[in-house]
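Observations on chain architecture
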Amino acid sequence: MAPARGTAVQDHVALAEIELCGDLIIAASAAHEDRLSPDRIDEVLKAAEERFLEEHGADAAR
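Residues numbered from 1 in each chain as written. Predicted model: local features only at pLDDT ≥ 70, side-chain atom pairs only at ≥ 80, totals over all residues. Heavy atoms only, no water.

1. Notes on the environment of Ala-27
Looking at the element boundaries, Ala-27 is found in helix 1 (residues 12-30). Here Ala-27 falls in the buried class, since its relative accessible area comes to 7%. Contacts of Ala-27, omitting those with residues within four sequence positions, involve Leu-36, Arg-40 and Val-44. (Helix = DSSP H or I, 4+ residues; strand = E, 2+ residues; numbered from the N terminus. Buried < 20%, exposed > 50% of the residue type's maximum accessible area, 1.4 Å probe, protein only. Contact = heavy atoms within 4.5 Å.)

This is the structure:
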C-alpha cells in the first residue's frame, strides 16, 4: 500500500478567477443601481489586476 500523500493541488489561474468573481460580487452588492456599469466592472477588474501583480509580481501575469 502506497503511503498517503497530500493531494492538494493549487490551480493559480482558477484561484485568480475565483478572486475576480468575489471582487465583482462585492462591488455589485455595494452598488446602488441594479447592475454594474461596464465602466465600474472595468474599474473593479483593473484594481484586482493591480493587486494580483503587487502580490505575485509582473512575471506571474505571463
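2. What about helix 2 (residues 38-56)?
Its 19 residues give helix 2 an end-to-end C-alpha distance of 27 Å, which sits within 8% of 27 Å, the value for a rise of 1.5 Å per residue. Looking one or two residues beyond helix 2, the residue adopting positive phi is Gly-57, at roughly 85 degrees. (Expected span 1.5 Å × (residues − 1).)

3. Description of the pattern of salt bridges
One pass over the structure, following the stated rule, counts four salt bridges. Taking the shortest distance from any N to any O, the salt bridge between Asp-23 and Arg-51 comes out at 2.7 Å. Residue Asp-23 is located in helix 1, and its partner Arg-51 is located in helix 2; the two are separated by 28 residues in the primary sequence. Connected via shared salt-bridge partners are Glu-19, Asp-23 and Arg-51. (Salt bridge = Lys/Arg side-chain N within 4 Å of Asp/Glu carboxyl O.)

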